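Survey of secondary and tertiary structure
Listed below, chain by chain, are the residues.
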Amino acid sequence: MATATPKSKPAERIKMRLKKGDTVQVISGKDKGKTGEVLRTLPYDNRVVVQGINLRTRHVKPTQEGETGRIITEEASLHASNVMLYSTTKNVASRVEIVVEKDGTKKRRLKKTGELLD
């Protein structure tokens, strides 16, 4: 009997208020309280990769003759809801709001401190 192939749903991009280079603080999970810089955003998965957070070790086999195997430590992604934008000047985590300037440009602003990000 033939089995039906599962239909893949179309990839939907999630709007994120985080950008590469932002400083964020982890608000839940094993690295709670740690801060780091966003290295990559994955908007189709609603995930971010943060420097020094959620580290995973991977054992790599040697690929060429004479090469030795090694252990690589790299950052794994974590869900965007588990991080919060962090103000380095006031040392406080805050939600972010989008503000429209008088000339029509959109800026990101921290709600607690009022600090503009862009």
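It should be noted that the structure appears before, not after, this text.
This text gives an overview of the structure that appears in the document. Worth saying up front: this structure is predicted, and the values here are computed from it rather than measured.

Reading the values: the criteria
- Residues numbered from 1 in each chain as written.
- Predicted model: local features only at pLDDT ≥ 70, side-chain atom pairs only at ≥ 80, totals over all residues.
- Heavy atoms only, no water.
- Helix = DSSP H or I, 4+ residues; strand = E, 2+ residues; numbered from the N terminus.
- Buried < 20%, exposed > 50% of the residue type's maximum accessible area, 1.4 Å probe, protein only.
- Contact = heavy atoms within 4.5 Å.
- Pairing = 2+ DSSP bridges.
- Core = buried A, V, L, I, M, F, W, Y, C linked by side-chain atoms within 4.5 Å.

1. Let's talk about the environment of Thr57
With respect to the element layout, Thr57 can be found in strand β4 (residues 55-60). Among the residues examined, Thr57 registers a relative accessible area of 56% and is labelled exposed. Placed 37 residues apart in sequence, Thr57 and Lys20 show a C-alpha to C-alpha distance of 23 Å. The contacts of Thr57, once residues within four sequence positions are left out, are Ile71, Ile72 and Thr73.

2. As for the sheet that holds strand β1 (residues 23-26)
As summarised here, the arrangement of the six strands in space is β6-β3-β2-β1-β7-β8, forming an open sheet in which the pairing is antiparallel. Of all the strands in the sheet, just β6 (78-79) and β8 (92-93) have a single pairing partner and so form its edges. As paired elements, β1 and strand β2 (residues 35-42) share three bridges and run antiparallel to each other. From the neighbouring strand, Val24 faces β2, where its bridge partner is Gly36.

3. What about the nonpolar core?
Ranked by internal contacts, the top residues of the largest apolar core, which has 13 residues, are Leu18, Val24, Val48, Val50, Leu78, Val83 and Leu85. The set of elements that each furnish at least two residues to this core consists of β1, β3 (47-50) and β7 (83-87). If we skip the residues at most four places from it in the chain, Leu85 touches Arg17, Leu18, Asp22, Thr23, Val24, Val92, Ala93, Ser94, Val96, Arg108, Leu110 and Leu117.

4. Digging into unusual backbone geometry
If you check the backbone angles, Asn54 has positive phi at about 60° while not being a glycine. Following the sequence through the fold, Asn54 ends up in the loop between β3 and β4. Although it is not a glycine, Asn91 sits at a positive phi angle of roughly 55°. Exposure remark for Asn91: the relative accessible area of 52% places this residue in the exposed category.

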